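# Structure at a glance
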Amino acid sequence: MKLLVTGGAGFIGSSYVRNRLESRPTDRVVVLDKLTYAGNPANLEGLPEDRLEFVEGDICDREAVAGLVADCDAVVNFAAESHVDRSIAEPDAFIQTDVFGTFVLLEAARDAGVRHLQISTDEVYGSIAEGSFTESSPLDPSSPYSASKAGGDLLVSAFRHTWGVDSLIVRASNNYGPRQHPEKLIPLVILNALHEDAIPLYGDGRQVRNWLFVEDFCRAIDLVLEDGEAGKVYNVGGPDELPNIDVVSRILELTGRDDSLIRRVEDRLGHDPRYSLASERVEALGWKAQVGFAEGIERTVEWYRQNPGWWGPLRSGEYREYYERQYGRKLG
Ligand code: NAD
Ligand code: TYD
């Protein structure tokens, strides 16, 4: 099989490409990635060059996308602007990539008659005080990021309904693991702790996220791609729900630091208090999370410890400027 993986130089996309090439020795993968601040060619280093082709480009580019999609058996779309805080500061690119880019891919999938798997998020359902979202829960996104992802998801449904496109959606809870950009909570806390820098905790730190180890998510994606029913949504939730303060405290323990590094800072605008997903549908395909938070966070901290060559360049340049804009005033 020849897969087109858009956004394959990002955190989850590159993990998926790695898993796919390792588990299917005859498959080929074409990665299309714009290499925004979040895309990193180093994420694809060491993978078999004879079976992996990298194309730098934008999913909003109709001509480029049409050619690549027509030459593949299926497309898995990870390409997105993915960080809530950046969507609050500057939403434009989210609407462009996450909505219009998804539309461009769907048109190409329709015209070429190939399967399109949309990688989406639990955040499209909004926040839930108790219990868990199922695939039939209504969409109620809160941030420009989640609204853009919901827009993409609605286009997937419309293309299925109107033109019978072979499209489906997976919605995952918060992923973590190796190669996640340091803007996100877990790598930010690990790297700040290793450097003994202050750790910004939004609001009271009691917000709950449903943590999913990235390799578990990648196995779920493969199952849905192969066995999922066209037109269906598949939720993929992690095995553990934890308040942010507990996540931060555990990382501080693992890095030999204490809670004195924590700074309670002004809350994120419109901060969703809790996400939680029920995953029965993907479990019926044979999926089950294999890595609990206790193991996954140890593996993740260890990976960051062992790979300063990966994160060193990322902590300077664009990220430093972003960090100053986002946290400079808050951290005083
Ligand atoms: P990421 O920000 O690490 O990677 C996104 C990738 O997309 C980058 O390589 C970037 O260069 C690329 N990209 C951005 N705009 C593009 C464009 N216009 N054309 C081509 N490439 C473009 O994100 P991630 O955390 O790996 O998330 C991947 C997908 O999974 C996203 O769709 C996200 O919404 C979804 N998701 C993420 C999480 C999570 O916890 N990280 C959870 C659920 C769903
Ligand atoms: P994040 O990793 O940005 O993922 P998402 O917003 O998509 O869930 O944030 C995870 C949680 O951590 C979220 O409740 C916001 C919180 N958070 C902080 O408290 N401080 C931070 O510096 C960041 C980036 C996030």
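The rules behind these values
- As a convention, each chain's residues are numbered from 1 in the sequence order in which they are written.
- The naming scheme follows written order: chains are lettered A onward, ligands numbered 1 onward.
- Whole-chain, interface and lining totals are the exception, using all residues; otherwise, since this is a predicted model, local features are given only for residues with pLDDT of at least 70 and side-chain atom pairs are given and counted only at 80 or more.
- With hydrogens and water set aside, each side-chain value is computed from the structure's full complement of heavy atoms.
- Whenever Lys or Arg places a side-chain nitrogen within 4 Å of a carboxyl oxygen from Asp or Glu, that contact is recorded as a salt bridge.
- By the criteria applied, helices consist of DSSP H or I runs no shorter than four residues and strands consist of E runs no shorter than two, each listed in order from the N terminus.
- Residue exposure (1.4 Å probe, protein chains only): buried if accessible area is under 20% of the type maximum, exposed if over 50%, otherwise partly exposed.
- In this scheme, strands are said to pair when DSSP sees at least two bridges between them.
- Stacked, tilted and edge-to-face pairs are distinguished by plane angle, under 30 degrees for stacked and over 60 for edge-to-face with tilted covering the rest, among Phe, Tyr and Trp rings (Trp via its six-membered ring) whose centres lie within 6.5 Å.
- Annotation comment: domain bounds sourced from an automatic or database domain assignment.
- Working rule for contacts: check all heavy atoms of both residues, and any pair within 4.5 Å makes them a contact.
- Reported buried area values correspond to the accessible surface (1.4 Å probe) lost by two parts on association, with both partners' losses combined.
- Between N or O atoms, a polar contact is any pair within 3.5 Å; within protein, one atom must be a potential hydrogen donor and the other a potential acceptor, and residues adjacent in sequence are included only when both atoms are from side chains.
- A single heavy atom is enough: if one lies within 4 Å of a molecule or strand, its residue is considered near that molecule or strand.
- All accessible areas in this document rest on Shrake-Rupley with a 1.4 Å probe, and a residue is counted as covered only by the protein chains that are shown.

## Here we look at the pattern of salt bridges
- Tallied over the full model, the rule gives 26 salt bridges.
- Across the salt bridge formed by Arg315 and Asp197, the nearest N and O atoms sit 3.5 Å from each other. Taken together, the positions of Arg315 in the loop between helix H11 (308-314) and helix H12 (318-331) and Asp197 in the loop between helix H6 (185-194) and strand S8 (199-202) put the pair 118 residues apart, joining distant regions of the chain.
- A relative accessible area of 10% means that Arg315 is categorised as buried.
- Its salt-bridge partner being Glu266, residue Arg329 comes within 3.4 Å of it at the nearest N-O pair. One end of the pair, Arg329, is in helix H12; the other, Glu266, is in the loop between strand S12 (262-265) and helix H9 (280-284), with 63 residues separating them in the sequence.
- The class for Glu266 is partly exposed, based on a relative accessible area of 47%.

## Details of the sheet that holds strand S11 (residues 240-243)
- Spatial ordering of the open sheet is given by S7-S9-S11, a layout of 3 strands whose pairing is mixed. The sheet is open, and its two edges are formed by strand S7 (175-176) and S11, each paired on a single side.
- Judged from the 4 bridges that link them, strand S9 (residues 208-213) and S11 form a sheet pairing that is antiparallel. Note that in S11 the partner of Asn210 across the bridge is Glu241.

## Description of the packing of aromatic side chains
- One pass over the structure, following the stated rule, counts 16 aromatic pairs.
- Look at Phe94 and Tyr145: their rings are 6.4 Å apart centre to centre, the planes differ by 80 degrees, and that puts the pair in the edge-to-face class. Taken together, the positions of Phe94 in helix H4 (residues 92-112) and Tyr145 in helix H5 (residues 144-163) put the pair 51 residues apart, joining distant regions of the chain. With respect to class, Phe94 is no different from Tyr145; both count as buried.
- Note on Tyr176 and Trp211: the rings are 6.0 Å apart at their centroids and 85 degrees apart in plane angle, and the pair reads as edge-to-face. Pair noted here: Tyr176 is in strand S7 and Trp211 is in strand S9, with a separation of 35 residues, a long-range link. Assigned by exposure class, Tyr176 and Trp211 land together as buried.
- Clustering of aromatic rings is evident, with ring pairs tying together Tyr202, Tyr319, Tyr322, Tyr323 and Tyr327.

## As for the domain arrangement of the chain
- Parsing the chain into structural domains produces domain 1 (2-175 + 212-236) and domain 2 (177-209 + 241-274 + 292-327).
- Each side of the interface is counted separately: domain 1 has 26 residues, and domain 2 has 24 residues.
- A combined buried area of about 2,200 Å² lies between domain 1 and domain 2, and 44% of that area is made up of carbon and sulfur atoms.
- Put simply, domain 1 and domain 2 have 4 salt bridges between them.
- One salt bridge in this structure joins Arg299 and Glu215, with 3.2 Å as the shortest N-O distance.
- Linking domain 1 with domain 2 are 15 residue pairs in polar contact (both at pLDDT 80 or more), by the criterion used here.
- Looking at the side of domain 1 that touches domain 2, the elements that each hand over two or more residues are helix H1 (11-23), helix H3 (84-89) and helix H7 (214-227).
- Looking at the side of domain 1 that touches domain 2 element by element, the count peaks at 4 residues for H3.

## Side note on the site of ligand 2
- The local shell around ligand 2 holds 18 residues, among which Glu123, Arg209, Arg268, His271 and Tyr327 are the closest.
- Note that a nitrogen atom of ligand 2 is positioned 2.9 Å from one of the backbone N or O atoms of Pro200.
- Side-chain polar atom of Tyr327 to an oxygen atom of ligand 2: 2.7 Å apart, as the coordinates give it.
- Alone, ligand 2 offers 510 Å² of accessible surface; in the complex the protein occludes 97% of this.
- Those elements that place two or more of their residues in the shell around ligand 2 are H3 and S8.
- Top contributing element to the shell around ligand 2 by residue count: S8, with 3 residues.
- When residues of the shell around ligand 2 are sorted by domain, at least three fall in each of domain 1 (2-175 + 212-236) and domain 2 (177-209 + 241-274 + 292-327).

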